[in-house]
Number of protein chains: 2
Amino acid sequence: MSQAVQSVNVGIIGFGTVGSGTARIILQNAGLIERRTGKKIILRRIADLDTERDRGVAIPQGVLTTDAFEIINDPAIDVVVELIGGIEPAKKFMLAALKNGKHVVTANKALLATHGTEIFTEADAQHRSIGFEAAVAGGIPIIKVMREGLAANNILSIYGIINGTSNYILTRMTKEGAPFDMVLKDAQRLGYAEADPTFDIEGIDTAHKLTLLASLSYGIGLSFDKVYKEGITAITPEDIAYASELGYKIKLLAIAKVVDSEIELRVHPTMLPEDYLISKVDDVLNAVYVVGDAVGETMYYGRGAGDMPTGSAVVSDIIDIASRGETSCERRGCSFLNAAQNAGTGFKIKDISDIETMYYFRFTVVDKPGVLSKISGVLGEHNISISAVIQKGRREGEAVPLVVLTHKAKERDIVNAVREIDKTPVVAAKTRFIRVEDKEYN
Amino acid sequence: MSQAVQSVNVGIIGFGTVGSGTARIILQNAGLIERRTGKKIILRRIADLDTERDRGVAIPQGVLTTDAFEIINDPAIDVVVELIGGIEPAKKFMLAALKNGKHVVTANKALLATHGTEIFTEADAQHRSIGFEAAVAGGIPIIKVMREGLAANNILSIYGIINGTSNYILTRMTKEGAPFDMVLKDAQRLGYAEADPTFDIEGIDTAHKLTLLASLSYGIGLSFDKVYKEGITAITPEDIAYASELGYKIKLLAIAKVVDSEIELRVHPTMLPEDYLISKVDDVLNAVYVVGDAVGETMYYGRGAGDMPTGSAVVSDIIDIASRGETSCERRGCSFLNAAQNAGTGFKIKDISDIETMYYFRFTVVDKPGVLSKISGVLGEHNISISAVIQKGRREGEAVPLVVLTHKAKERDIVNAVREIDKTPVVAAKTRFIRVEDKEYN
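Residues numbered from 1 in each chain as written. Chains lettered and ligands numbered in written order. Predicted model: local features only at pLDDT ≥ 70, side-chain atom pairs only at ≥ 80, totals over all residues. Heavy atoms only, no water.

Inclusion rule: UniProt positions are given in the numbering used here, feature names are shortened, and annotations may be inferred rather than shown by experiment.
Per an unreviewed UniProt entry, the recorded name for chain A is Homoserine dehydrogenase, and the organism is Candidatus Magnetominusculus xianensis. In its Sequence similarities (unreviewed entry) section, UniProt records this for chain A: "Belongs to the homoserine dehydrogenase family." Recorded under Catalytic activity (unreviewed entry), the UniProt text for chain A is reproduced unchanged: "L-homoserine + NADP(+) = L-aspartate 4-semialdehyde + NADPH + H(+)".

**A closer look at the side chain of serine 316 of chain B**
Filter applied, for reference: Numbering of helices and strands runs from the N terminus, with a helix taken as a DSSP run of H or I at least four residues long and a strand as a DSSP run of E at least two residues long. Exposure categories follow from relative accessible area, calculated using a 1.4 Å probe and restricted to protein chains: below 20% of the type maximum is buried, above 50% is exposed, and the middle band is partly exposed. Any two residues whose heavy atoms approach within 4.5 Å are treated as being in contact.
Along the polypeptide, serine 316 of chain B turns up in helix α11 (residues 307–324). According to the relative accessible area criterion, serine 316 of chain B is buried, its value standing at 1%. If we ignore the near neighbours within four places in the chain, the residues touching serine 316 of chain B are Glu148 and Gly149 of chain A together with Glu133 of chain B.

**Quick notes on the UniProt feature "domain: ACT" (unreviewed entry) in chain A**
Per the UniProt record, the feature "domain: ACT" (unreviewed entry) sits at residues 360–436 of chain A. The annotated region residues 360–436 of chain A carries 31% helix and 43% strand content, and the separation between its end C-alpha atoms amounts to 7 Å.

**Examining the side chain of serine 312 of chain A**
Position of serine 312 of chain A among the secondary structure elements: in helix α11 (residues 307–324). The exposure class of serine 312 of chain A is buried, given its relative accessible area of 0%. Serine 312 of chain A has contacts with Ile25 of chain A together with Gly149, Ala152, Asn153, Ala294 and Val295 of chain B, leaving out every residue within four places of it along the chain.

**Examining the sheet that holds strand β2 (residues 39–47) of chain A**
Residue and element names in this part refer to chain A. The following threshold applies: Each pair of strands is called paired provided DSSP finds at least two bridges between the two strands.
As summarised here, the arrangement of the six strands in space is β3-β2-β1-β4-β5-β6, forming an open sheet in which the pairing is parallel. Each end of this open sheet is capped by a strand with a single partner; those strands are β3 (64–65) and β6 (130–131). Where strand β1 (residues 6–13) meets β2, eight bridges bridge the pair, whose relative direction is parallel. For isoleucine 13, the partnering residue across the bridge sits in β2 and is alanine 47.

**Quick word on the pattern of salt bridges**
As a reminder, the rule being used: What makes a salt bridge here is a side-chain nitrogen of Lys or Arg within 4 Å of a carboxyl oxygen of Asp or Glu, nothing more.
A complete count under the given rule lists 58 salt bridges over all chains for this structure. Residues aspartate 307 of chain B and arginine 24 of chain B are paired through a salt bridge, measuring 3.3 Å at the closest nitrogen-oxygen approach. Note that aspartate 307 of chain B is positioned in helix α11 and arginine 24 of chain B in helix α1 (residues 17–37), a separation of 283 residues in sequence. Note on aspartate 307 of chain B: relative accessible area 27%, which makes it partly exposed. The exposure class assigned to arginine 24 of chain B is buried, which follows from its relative accessible area of 16%. A salt bridge links aspartate 186 of chain B to arginine 172 of chain B; its shortest N-O distance comes to 2.6 Å. Of this pair, aspartate 186 of chain B sits in helix α7 (residues 180–189) while arginine 172 of chain B sits in helix α6 (residues 164–176); the two residues are 14 residues apart in sequence, bridging distant segments of the chain. Since its relative accessible area comes to 14%, arginine 172 of chain B is described here as buried. Within the structure, one salt-bridge network assembled from shared partners comprises Lys144, Glu148 and Asp320 of chain A together with Lys144, Glu148 and Asp320 of chain B.

**Quick word on the confidence of the model for chain A**
Low-confidence regions, as indicated by low pLDDT, have predicted coordinates that should not be scrutinised in detail. Quick note on the threshold: Across the chain, each position has a pLDDT score giving the predictor's confidence in that residue, from 0 to 100.
Residue-level pLDDT values for chain A average 92, and 93% of them are 70 or greater. Predicted confidence is poor over residues 326–335 of chain A, with pLDDT under 50, and the contacts of this stretch with residues over four places away or in other chains come to 36 contacts.

**A closer look at the nonpolar core**
Just so we agree on the cut-off: Residue types Ala, Val, Leu, Ile, Met, Phe, Trp, Tyr and Cys, when buried and joined through side-chain atoms within 4.5 Å, form a set referred to as a nonpolar core.
Grouped together as the largest cluster of nonpolar side chains are 167 residues, with contacts concentrated most on Ile142 and Ile169 of chain A together with Ile142 and Ile169 of chain B. Isoleucine 169 of chain A has contacts with Phe180, Val183, Leu184, Ala187, Ile201 and Ile232 of chain A, leaving out every residue within four places of it along the chain.

**Overview of the pairing of strand β12 (residues 296–303) of chain B**
The element β12 of chain B is largely enclosed, with a buried count of seven among its eight residues. Pairing geometry for strand β12 (residues 296–303) of chain A and β12 of chain B, over five bridges, is antiparallel. The residue of β12 of chain B that forms the bridge with glycine 302 of chain A is threonine 298 of chain B. Relative to β12 of chain B, strand β11 (residues 285–292) of chain B runs antiparallel, the two sharing eight bridges. Note on β12 of chain B: the bridge partner recorded for valine 290 of chain B is threonine 298 of chain B. Connecting β11 of chain B to the antiparallel partner β12 of chain B that follows it, the hairpin turn spans three residues.

**Focus: unusual backbone geometry**
Cis rather than trans, the peptide bond between glutamate 88 of chain A and proline 89 of chain A has omega equal to 5°. Within the secondary structure layout, proline 89 of chain A lies in the loop between β4 (79–82) and α3 (90–99). Positive phi outside glycine occurs at alanine 137 of chain B, with the angle close to 60°. Structurally, alanine 137 of chain B can be placed in the loop between β6 (130–131) and α5 (142–149).

And the structure:
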């Protein structure tokens, strides 16, 4: 009852989409937050090179500045919110803010996944917090869930749809049978994909986020370089149609799982049984399916991007910092993500060649007798056994697709078998394969 | 890096299902938890009247006792975990533990929903925490999500499947077309329903949990008495089949939502469009769908009961208490759930008569010409307009079902119309109605 209201002064660097959402939430919901938590959040400054453009938020006078260092060097500011994205000058700003004794909140997954060790080490040294709830899955409080909600669990596996752009593209390709390039162009036109979509469609953004989730879950430090990354650019409407015929959907998944005391870290298009809950997560929506040894299966679903959802995560971090107080580093390690802190957990990251899963192949073969026998022979020699075959549209002597679904096999055997098969004269184009995750068989 | 390991000494009262799971997690995952959080959780005592039965957990010597007060009065114990359930002696134990300066963790939704004000007030006075993550939706960290993860949001609505027993029964009725009584008996035989299933099948357990969620979300205190409660005992396989024909599934839902600045709090069987993600949550699984003004739609899914999932939630609360330290009440109100603390939020709880939604009717009528006209006439007089009608199995002069789906209507009008219709000679049995939640129309 006698809670003293404490104020926390916030400066935002970067007044773009997420910056606008964050400012709007702080300004509109300050009363609600104070009633709920006893903390008053004060939006003291916003820095952006463009202070003129109308973002649809009424910013009080004197708040806007073009100089980030007016925030970083302001002794009255407690929390610096970095929302400019990219590596520099975001990193410089963050380190300077920490050195000045500020807590930092950020949505910058690329920076944390690739330069996080330096940043978390500095936060540790300064006894300050880095809040990064907004860096993974937008408004879904997945960082809090992994770090606190499931803290009692050995995390057995994580399967995440954590890139809205890819999920939007795959969803439209699935619903309309449209090719990748066409849907990408449309997504760019509609603002769901950036002018340079590389990070989204090549799985890099997904890998940044997986790096953070896996580090929290397994204490393996920030292992972005060790994440296997494969995007969705080679997926065709035909693959999606065959997947459907076999009872699967294709999603770009972030996968982390413990197998034989090693960690698999991989991002790739994945065939999932269409009746899985996560298979029904469509359009720009995100979901993270997490299995813990105590809690069993859980899933977290919501908007992975956008001004207000991501702003919701940013503001929850600010509230947490206000609630925990300045000594939170001693209480629940700032250095949580540092490999050094977690040394000796004994987890090794598995090379992609060593994984075992089910595979979908689409061979392009010359339609003549004996082709299936030839291909299944090579697969058999590489210890790969077949669970289903689809052969359609017979056109004697012409190139036709031959679809094969395998039982569990080793990636190394798959790659070797494909190399051998692609050299045989019956194959008319490079063979494509897609990994399958199916609890029934895995 | 220099985190000092702090120990927290735990005593568990109640060595049943959840008590065993909690003990197992503490004993098995203590090393993991210490690496992750820097806190050592020590299981010091477990009290239960039965200290002989084998629970499949190896409990160190000297830990078991038959006397709960050996825990409550042990000065070395920091956290008392209450897992006996029910009102007394759980309440007495909890209050005594708080008075002795212990933090309390509990899974007891019935006690908190009905006597929580007294308990939270005592916790406040003693500056101690009550952890109750395990009280709602088992292993899903929904309390943390609502209190912290979505703290920046005005919560617009909550839709929860938060009673595994009811969901199991409805799922089997749906899949098998089996009647309620038969599935209930089977559920009891399989251990999914208790010998006295009243709390589960009459919506009371769901209402206990909704009371806690709504209090966190709206600052309306613990309003269990004001929750509208209707169970699933009157649902028939015919209703489920008609719902399916209309594109809906029937789920026992906990609903809290803001409509015209008032709060609706209701628990009842609900028809939901079958393509909603939450409609696909079957068997004993739980899910809570939450819409916030900033975050938009989110959903949280997992096991709502069981030794290990619920134990996961209990242990996460213990870790939180260890991490926050003793002064957490000043930091993030222990009194969070007290109405007094939240006075003046201005929310009034809406009477069920005042709600507006869509309705499904199953009339049992004598099959003769003019019946539909008579019934639709009465509905029209009560401002209820029809969106669909199903009339099947014509048997002139006999009682047959007439199914009607309405557009949005007022509950008061619905009740009045049914009263009038049930008095007419064309009606052969009491009319049943089921509320429908459909974003398309609501």
